[in-house]
Each structure stands twice: as C-alpha cells, then as structure tokens.
Amino acid sequence: MNLSLSDIAPPLRWTSPGQVAPIATDPRLPEAWWQALPLDRACSTIGTSEVAGRLADLALTCWGHLMLGDVLPLLRFADPASSVRTPEGFGREGVHKLFTGVLERLLEPVTEESIAAAQVRPSRPDRPLPELIDEVFATLDDRQRTIARDRLYASQRATLDELAQRFSVTRERIRQIERDLRDHVEEWLAGDEAAPLVAHVSWLRGRLGSAVPADDLAAAVPWHRADLSTLGIPAWRFVRTLLSGYDQVDGWLVAGGTDELREKTRQLFTDGPRPLEEAVTLVSQLGIREDVAERWLMAVPQLRVFENHVVLWPRSVNDKAEAVLAVAGSALTPEEIQERIGEDYSLVGIRNQLTADDRFLRLDRNKYGLARWGGEQYLGIREMIVREIERSNGEASVNTIVTNLTSRYDVSESSVRAYAGGPGFERTQRGWIRVAGSDQAGYQPRRDVSATRRCFRSRDGRWWHRVDVNAEHLRGSGSPLPTGFAAHLGMAPGGQLTASTPSGDVVISWHNQPTMGSIRPILVASNASEGDHVFLTVSDGGELLTRYLPAAAPGIPALNRALHLIGYTAPVASEAEGIRLIGARIGLPDGCAREEVIGRLRERGDRDILTFLEGSA
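**Here we look at the overall build of the protein chain**
Stage number 1. From N to C terminus, the protein chain includes 35 helices and 20 strands.
Stage number 2. Taking 2.2 N^0.38 as the reference for a compact globule, 617 residues should give roughly 25 Å; the C-alpha atoms of the protein chain span a radius of gyration of 37 Å, well beyond that estimate.
Stage number 3. With the C-alpha coordinates aligned to their principal axes, the bounding extent of the protein chain is approximately 115 × 70 × 40 Å.
Stage number 4. Sorting the 617 residues of the protein chain into buried and exposed places 45% on the buried side.
Stage number 5. Surface summary for the protein chain: the accessible area is close to 31,000 Å², and the carbon and sulfur share equals 47%.
Stage number 6. Here the protein chain carries 71 positive and 83 negative side-chain charges, and the mean point of each set is 5 Å from the other.

Structure below.
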C-alpha cells in the first residue's frame, strides 16, 4: 500500500502543519509522517489503534465542525449513519473506535476469496460533473425545471404564490412538486451514479473549512461557474444545496452556528491584542483556512484589525481607547487615540473618559497610558512641584525642580517657574521654595457644594456645576462660579486654580468672588448655542472636564425638563423614579420623600427645576 494518512483524510492536506504536528508527531515515526510515510508502515510501527487515535484527536481539536465522513470519507461506506455526525457530537472514544475499524478494514490483506466476493462492477469512464448533474433534471418537464430553477436553486427564490399564479395551480400543488423534486435529487444522490459528485462535495467541505467567503464556493473549481444546460443556472448554486450544515450570513458560508463561531473567535482575544500572524494561526485552529483568516477576523463583529494586531472592539469608547493603547504599547495623546479609533467620538468626550476611568493613567501633560503599565501619574504642574518639594524633605531649588520636570514631562521652563512663583509656594531663607502655610485651609463656605445651586453629583461621586450658556459666554467673557463649588475644588479667597483643556488653560481665580475665565473654545468645539448647558468640574490632575448638553426640546414633559437640568436625559419609569434621581444628584440619601427633595431644591435656589416639578405634580 502506497497511501499515506493524508491521502485518505483530506483535511490533513489543507490544515497547517503547525497545527497538525503537536498532536500527530510521534518520536517513533519520521517528521510529517502523515504525508511522507505509507499508512501500513505507520500502523505497523506504532499500531493501528495509535494512528486512529492521532486522527481522532485531530478531528476533535481542529475539525470539530466537519462531519466524520468529511474527515475520513471511507466512513461513508463503512458506517453511513455515523459519517454524518460531527466529532464533537460523537466524543473521543466513539471517534477513535470508528476510525480504528475503518483503518483495520483498509489494511486487511487482499486474498483471491475477497476479490471474488467483492463483485466489483466495471467503472464507467469519467464524465464532467456538470453533465452528471444535468442528468438529474433531464427527465423533468418544463414546469418541474422552472420550479427547480426559480425556487430550489435561485439566489432570490420565487414565492409559492408567484409560481402558483404562473402555472394556474394551487400553492399546495407547487409545494408538492417542490417536495417531489427534493426527493428525486436525494434518491439520485444515494445511487452509484452520483458517487463522483458526492466525493466532490466531501472534498469541498474540507476545502471550505468552518468559514469561507461565499464567493469562494463559485471559485473553488472552474466548472462551478459553468451553466447547467437543463436549468440555465451556474452549477455552484446546485452544489450549494448539497452543503448541509452551512449557513450563509453576511457574505460568508459558515459551518454550524455563525454566532457560536463568532463568539469562539472573540474569545481568542479576551486576554488582549494579538499580532496578526499569531491571530491567523489561532483562528485556523477553529477550522478557518489561513488564506481567509484575516478576512474572517475583519468580518467578526466587535473585532478589529489595525496596526498589524487583532483586538476586541466593544462599543464603549473606554474599551476602544484601552485597545488602542494596548496595541501602541506607549502613552498617546487624546488626539492620537481619537485618530486611531477613527470613529465619531468627540475629543472632549475621549479626554473626559481617560480622566475618569481607573484603567488609564495620565503620564504627561497631554499623554495617557494604561494604569497596569505602572509609572508616575502626572497631576499638573502645581501638584508636580509639590511632589518635588516633598521628595526633597520640604523645600527644593527652583532650578532643580525645573530640570526634573522639563526632562520628564512636556512642560516649559517658563511655565514651571511661573507656577513656582505663584500662590501656594513661598521662599525659604536660602532662596528655595516650599509649600505655603495652610492658613487658608480652614476656610469654610457659607454653603457646601451639596447646598449650592446648579451643582449636581454624578454616579462616580464627582460634583459638576451647570453653566447655562448665554451670549456673554459665547463672546468669550469670564463668568462667576458659586463659592460652594469653588471651595469644593479646593480653593479659598485669594487663591487661583489653573485647569487645562485641549485648547488652552482656563484660570479660576478668587478675589471678591470666584470667577472662571473664558470657556468659549469649549463652546465652539461643541457648537453650543444660547440656552444650551455645559456641566463642568476639575479633575484631580488639573483638567477641566466638560459635558455638553443641548437645550431640552420644548415639547417634552415637565418632569423630563427637570431631569434635563440635572444632566439626566434617559427615560424614567415613573415620577417617583425621577424624584429619586434628582435627590441623589443633589446629595440626598436614597429613599427621601418628594417633599424633602422639593425642600432641598428650594434651599439651594434651584427655582428652574422647582418650576417643572411643581408643574408635573
């Protein structure tokens, strides 16, 4: 016998050797023995059961999506019922037993008696398969052929009503003819005449794998594109109906469940991005050919191929930013992250999420990395000066601070010196600087932030102040801030806070009252108009975080108008739910009665919200 194992098990011929070798390699056999060594020699060396066991392990690991008859076509003759089951459904012990039986029967010595008993019929000459298929329909009448062409094998199937009207019969009669046609084809396929086509379909399953672009079926062999003379359709349309177990979804032929294969593919990348070459190898273990694996990866929802890596690509901008940084392997600016995500996310929104999400760490004035990388968090120039002073046991030379900060971060010498000479620091006797005395630390505003008008707490515990956009804001004028909110930001009379934004710093100073500089660039970036709202706060790292909210539509219910003013725009199930949300946003404990919420709003001076709530009662 000069057949190798790969000659009788077609999937061995298209599966990557890198997948086969770890499972099939045996020290008693030469390298790639499944291709290089005659089967009888392999079985005599390690035993037929061992060879069958290697093939069973490959079937379960690499070809679980195929029918057993596609893995070992001889099984279609030895055990037709088992040949149409999958390895996963049969189990390792059952597959091993089946394969052992087939190999033992194949390796039985040939005797004169066995030749006589076989009664082999003479084989007929090879014929083109399209001619063979045409024979199925040659004896049909015109009506049967039309129904076969326009319903059984059409790309856009005619309806029962259309065909019934065309032939002046009932829908049920068309259905019966369709059923008879299917039986006719099934009966023909079970006969000896169809053996070459059945063998071709078996080969085709191995060629297609577990997922392949649908166009690949037509291109698999030249005759697939040839028209069947009896039906006037390409032969591949008929062949497609023989590929039971394949679904056609979004331009792909997928064996088994499409959703299941997509989920298995996504699970390969739950631990993080993979280089594309490695990803292709991983996907090929699911039975997807390496030459189409990259296209499959690009077609799977919530996966993305970019910068020669494959990453999970969920819906949230936070998750996408994490994937971009993981592939980059180094800190990026929000602008770079926005560009690499390549979708319609605002720069302000990305910056806010990078600041609020614990997965990210601000590593420079305008660069963020992943917290799991470690590193020192950049907190803004003033806080970094404080850190340098603390490292120097309470006082440090301005020149040393300048050298250290400008060498590590993207900050200018003039900015560091300006902050070092500003509020919050004082000179020591030897000319160094230290953190100024805490005389202002005990300042207590008349109202804390929870009792301050237009201040609201988000779910993450952060307090935000609502700015109602007016003409002065749009012209670029500064605007007052409530003392309770300014004190919440850590300010006191006479102090100053500089918050950074992508378009430049915004200075908040407190002389007679807290005042915020112009936020016009933020309003322009959001395309804001009079009557819109901007919720803002300052992060621990000194960034001005903003959330833009257009003015509420005038026709919405009064309760929703009230919720809009606290920054909540989702629907609510009831008035009680709306009252609970408002109470939580103004700092009240959960479960407060409507009267308590109304009373707190009245104390804070939120008359606009009160107007809508009282109107909804």
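**Section: the pattern of salt bridges**
Stage number 1. Taken as a whole, this structure holds 46 salt bridges when the rule is applied.
Stage number 2. For arginine 207, the salt bridge goes to aspartate 216, with nearest N and O atoms at 3.3 Å.
Stage number 3. On the accessibility criterion, arginine 207 (24% relative accessible area) is partly exposed.
Stage number 4. Overall, the relative accessible area of 15% leaves aspartate 216 in the buried class.

**Some details on the sheet that holds strand β15 (residues 479-480)**
Stage number 1. If you walk across this open sheet you meet the four strands as β15-β18-β17-β16, and the pairing is antiparallel. Both edges of this open sheet fall to β15 and β16 (496-501), since each of them pairs with a single strand only.
Stage number 2. In this sheet, strand β18 (residues 514-516) lies alongside β15 in antiparallel orientation, the contact comprising two bridges. What sits directly across from proline 480, in β18, is threonine 515.

**A word on empty space enclosed by the protein**
Stage number 1. Inspection of every chain in the model, using the stated rule, returns three cavities of 30 Å³ or more.
Stage number 2. One number sums up the size of the largest cavity: a volume of about 60 Å³.
Stage number 3. What lines the largest cavity is simply Val348, Arg351, Asn352, Thr501, Pro502, Ile522, Leu544 and Thr546.
Stage number 4. Elements represented by at least two residues in the lining of the largest cavity include exactly α25 (347-356) and β20 (544-549).
Stage number 5. Residues that form the lining of the largest cavity fall into these classes: four nonpolar, three polar and one charged.

**Some remarks on the side chain of aspartate 26**
Stage number 1. Considering the arrangement of structural elements, one finds aspartate 26 in the loop between α3 (17-24) and α4 (33-36).
Stage number 2. Among the residues examined, aspartate 26 registers a relative accessible area of 4% and is labelled buried.
Stage number 3. Separated by 2.5 Å, the side chains of aspartate 26 and arginine 54 make a polar contact.
Stage number 4. Not counting the four nearest positions on each side in its chain, aspartate 26 is found in contact with Trp33, Ile46 and Arg54.

**What about the packing of aromatic side chains?**
Stage number 1. Counting across every chain of the model gives eight aromatic pairs.
Stage number 2. For the ring pair phenylalanine 137 and tyrosine 153, a centre distance of 5.9 Å and an interplane angle of 80° mean the geometry is edge-to-face. Taken together, the residues span a long stretch of sequence, with phenylalanine 137 in helix α13 (residues 129-138) and tyrosine 153 in the loop between α14 (142-152) and α15 (160-167) at a distance of 16 residues.
Stage number 3. Summarising the aromatic geometry, the rings of tryptophan 252 and tryptophan 296 are spaced 5.2 Å apart at their centres and angled 75° between planes, so their arrangement reads as edge-to-face. In this pair, tryptophan 252 is assigned in strand β5 (residues 252-255) and tryptophan 296 in helix α22 (residues 290-299), connecting sequence segments 44 residues apart. Like tryptophan 252, the residue tryptophan 296 is buried in the burial classification.
Stage number 4. Cluster of aromatic residues (ring-pair linked, three or more members): Phe137, Tyr153 and Phe238.
Stage number 5. Positioned above the aromatic ring of phenylalanine 306 is the side chain of arginine 304, whose terminal nitrogen or guanidinium carbon lies 5.2 Å from the ring centre.
Stage number 6. Of note, arginine 304 hangs over the ring of tryptophan 313, and the distance from its end group to the ring centre comes to 4.5 Å.

**Thoughts on the pairing of strand β9 (residues 360-364)**
Stage number 1. β9 sits mainly inside the fold: four of its five residues count as buried.
Stage number 2. Alignment of β9 against strand β10 (residues 367-370), held across four bridges, turns out to be antiparallel. Within the sheet, the bridge partner assigned to phenylalanine 360 lies in β10 and is leucine 370.
Stage number 3. The hairpin formed by β9 and β10 contains two residues between the paired strands.

**Topic: the sheet that holds strand β1 (residues 211-213)**
Stage number 1. Strands sit in the order β1-β5-β4 across an open sheet of three strands; the sheet is antiparallel. The outermost strands of the open sheet, each flanked by one partner alone, are β1 and β4 (246-249). On average, adjacent strands in this sheet sit at an angle of 20° to one another, irrespective of strand direction.
Stage number 2. When β4 meets β5, the two strands line up antiparallel, connected through four bridges. Its bridge partner lying in β5, aspartate 247 is registered against valine 254.

**Focus on helix α26 (residues 381-391)**
Stage number 1. Listed as buried for α26 are Ile381, Met384, Ile385, Val386, Arg387, Glu388 and Ile389.
Stage number 2. Close packing links the buried residues of α26 with α27 (398-408), α28 (413-420), β11 (425-427) and β12 (433-435).
Stage number 3. Immediately beyond the C-terminal end of α26, within one or two residues, lies asparagine 393, with a positive phi of roughly 65°.

**Some details on the packing of helix α24 (residues 334-341) against α25**
Geometry of a packed helix pair, given as the angle between the helix axes and the separation of the axes.
Stage number 1. Packing of α24 against α25 brings their axes to within 10 Å, and their N-to-C directions diverge by 115°. If you check the angle between α24 and α25, you find them roughly perpendicular. Note on packing geometry: the crossing formed by α24 with α25 is right-handed. Judged by residue contacts, Pro334, Glu335, Ile337, Gln338 and Ile341 of α24 engage Leu347, Ile350, Arg351 and Leu354 from α25.
Stage number 2. Residue classes in the contact of α24 with α25 are distributed as six nonpolar, one polar and two charged.

**With respect to the nonpolar core**
Stage number 1. In terms of nonpolar packing, the biggest core is built from 42 residues, with Phe137, Tyr153, Leu197, Trp223 and Phe238 touching the most fellow members.
Stage number 2. Breaking this core down by element, the ones donating at least two residues are α13, α14, α15, α16 (171-189), α17 (195-208), α19 (235-242) and β5.
Stage number 3. Take this core: its biggest share by element is six residues, from α16.

Basis of the calculations
Residues numbered from 1 in each chain as written. Predicted model: local features only at pLDDT ≥ 70, side-chain atom pairs only at ≥ 80, totals over all residues. Heavy atoms only, no water. Helix = DSSP H or I, 4+ residues; strand = E, 2+ residues; numbered from the N terminus. Rg over C-alpha atoms; globule rule 2.2 N^0.38 Å. Buried < 20%, exposed > 50% of the residue type's maximum accessible area, 1.4 Å probe, protein only. Areas by Shrake-Rupley, 256 points an atom, 1.4 Å probe, with all protein chains shown as cover. Lys, Arg positive; Asp, Glu negative; His and termini not counted. Charge placed at Lys NZ, Arg CZ, Asp CG, Glu CD. Salt bridge = Lys/Arg side-chain N within 4 Å of Asp/Glu carboxyl O. Pairing = 2+ DSSP bridges. 1 Å grid on protein atoms, 1.4 Å probe; cavity = no way out; pocket = protein on both sides within 12 Å on 5 of 7 lines; lining within 4 Å. Points joined across faces, edges and corners; volume = space filled by probe spheres on them. Nonpolar A, V, L, I, M, F, W, Y, C, P; charged D, E, K, R; others polar. Polar contact = N/O pair within 3.5 Å; in protein donor to acceptor, adjacent residues only side chain to side chain. Contact = heavy atoms within 4.5 Å. Phe/Tyr/Trp six-rings, centres within 6.5 Å; stacked < 30°, edge-to-face > 60°. Lys NZ or Arg CZ within 6 Å of the ring centre and 35° of its normal. Axes fitted to C-alpha atoms, helices over the stretch in contact; angles between N-to-C directions. Parallel < 35°, antiparallel > 145°, perpendicular 65-115°, else oblique. Left-handed = near helix turned anticlockwise from the far one by under 90°. Core = buried A, V, L, I, M, F, W, Y, C linked by side-chain atoms within 4.5 Å.

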